[in-house]
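Residues per chain are reported as follows:
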Amino acid sequence: NITANGVVELPFGRGKYFWRNAPKLANHIVGGWQVSVLWRFRTGMPLNITNGGVYPTNYLSAALGMLRPGATMPENGVGYNQAGNPSLFRQTNDAVASFMGQYPGTAGTRSIIRGPGMTNFDLSLGKFFTLPFEGHRIQLRGEAFNAFNNVNFTNPGLSMANPSTFGQFSEVMPARVMQFALRYEF
């Protein structure tokens, strides 16, 4: 996981680097702007493959999938399967055939594959307006969550009981959401 954030007051208006001697009216327009960003990046989380409700070890959870002896790990990563659906595997039938349920009395293979990564940017732009009362100001603010509308897939179907949708994503993280606010500070 990598997370980075920053807040920058733009250098425009009275006492700032640009237009430091701006007239009062112009300063109300160009001064007091603030930009903030929150960037998140994550590589894929480890995921388990399940044996579709078969319980060779106990009755609390389905058996974990493991690589068949002699089989190679199918190529995986975010892409499209043979039906044109977003998936971890290009050929779902070949991929599911590479795995089998754990042997009775064994623990299986946990976290056998990696899920999709995630990249997200949240941005905001705000403007402060000072009021004639000491310590009072108004902030106008606009925020965009997932500002660049990145598609981040989640929840792939990893049950060997469903070979036609094996590895296929069933959800995405929320699309861009924007909100606006007016705040009075005193």
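In case you missed it, the structure is sitting above this.
Bear in mind the structure is a predicted one, so any value in this text is a computation, not a measurement.

Asks: Just to check I follow, could you spell out the environment of valine 30 for this structure?
Replies: Residue position: valine 30 is located in helix α1 (residues 24–30). For the pair valine 30 and proline 11, spaced 19 residues apart in the sequence, the C-alpha separation amounts to 9.4 Å. Setting aside its immediate chain neighbours within four residues, valine 30 contacts Phe12, Gly13 and Trp19.

Asks: For this particular structure, what's the right way to read the packing of aromatic side chains?
Replies: Two aromatic rings are characterised by how far apart their centres lie and by the angle between their planes. Overall, the coordinates contain 9 aromatic pairs when judged by the stated rule. Taken together, a centroid distance of 4.9 Å and an interplanar angle of 90 degrees make the contact between tyrosine 17 and phenylalanine 18 edge-to-face. Residue tyrosine 17 is classed as exposed on the basis of its relative accessible area of 60%. Ring geometry for phenylalanine 99 and phenylalanine 166: centres 6.0 Å apart, planes at 50 degrees, overall tilted. One end of the pair, phenylalanine 99, is in strand β7 (residues 99–101); the other, phenylalanine 166, is in the loop between β11 (153–156) and β12 (169–172), and 67 residues separate them in sequence.

Asks: Explain the nonpolar core to me, please; I cannot follow it from the model alone.
Replies: Proteins that are soluble and globular tend to have nonpolar side chains buried together. Ile49, Phe89, Phe99, Ile113, Leu158 and Phe166 are the most contacted members of the largest nonpolar core, which totals 13 residues. When residues of this core are traced back to their parent elements, those giving at least two are β6 (86–89) and α2 (92–97). Setting aside anything within four residues of it in sequence, one finds phenylalanine 89 in contact with Pro74, Glu75, Asn76, Tyr80, Asn81, Ala95, Phe99, Ile113, Leu158, Phe166 and Gly167.

Asks: I would appreciate a short explanation of the pattern of salt bridges in the present structure.
Replies: It is possible for side chains of opposite charge to pair when their charged atoms get near one another. On inspection of all chains with the given rule, the structure shows 5 salt bridges. Here lysine 16 ties to glutamate 9 by a salt bridge, and the two come within 3.0 Å at their closest N and O atoms. Using a relative accessible area of 44% as the deciding quantity, one classes glutamate 9 as partly exposed. Connected through salt bridges with shared partners, the residues Arg137, Arg183 and Glu185 form a single ionic network.

Rules used in this analysis
Along each chain, residue indices are assigned from 1 in the same order as the chain's sequence is written. In keeping with the model being predicted, local features are shown solely for residues with a pLDDT of at least 70 and side-chain atom pairs are shown and tallied solely at 80 or more, while totals for entire chains, interfaces and linings include all residues. To obtain the side-chain values, all non-hydrogen atoms of the structure were included, while hydrogens and water were left out. Secondary structure follows DSSP: runs of H or I at least 4 residues long count as helices, runs of E at least 2 residues long count as strands, and numbering of each begins at the N terminus. Working rule for contacts: check all heavy atoms of both residues, and any pair within 4.5 Å makes them a contact. For this analysis, a ring pair means two rings from Phe, Tyr or Trp (six-membered ring only for Trp) whose centres lie within 6.5 Å, classed as stacked if their planes differ by under 30 degrees, edge-to-face if by over 60, and tilted for the remaining angles. Relative accessible area decides the class of each residue, using a 1.4 Å probe on protein chains only: under 20% of the type maximum gives buried, over 50% gives exposed, and in between gives partly exposed. As used in this record, nonpolar core signifies buried Ala, Val, Leu, Ile, Met, Phe, Trp, Tyr and Cys residues forming a set joined through side-chain atoms within 4.5 Å. Salt-bridge detection follows one rule: a side-chain nitrogen of Lys or Arg within 4 Å of a carboxyl oxygen of Asp or Glu.

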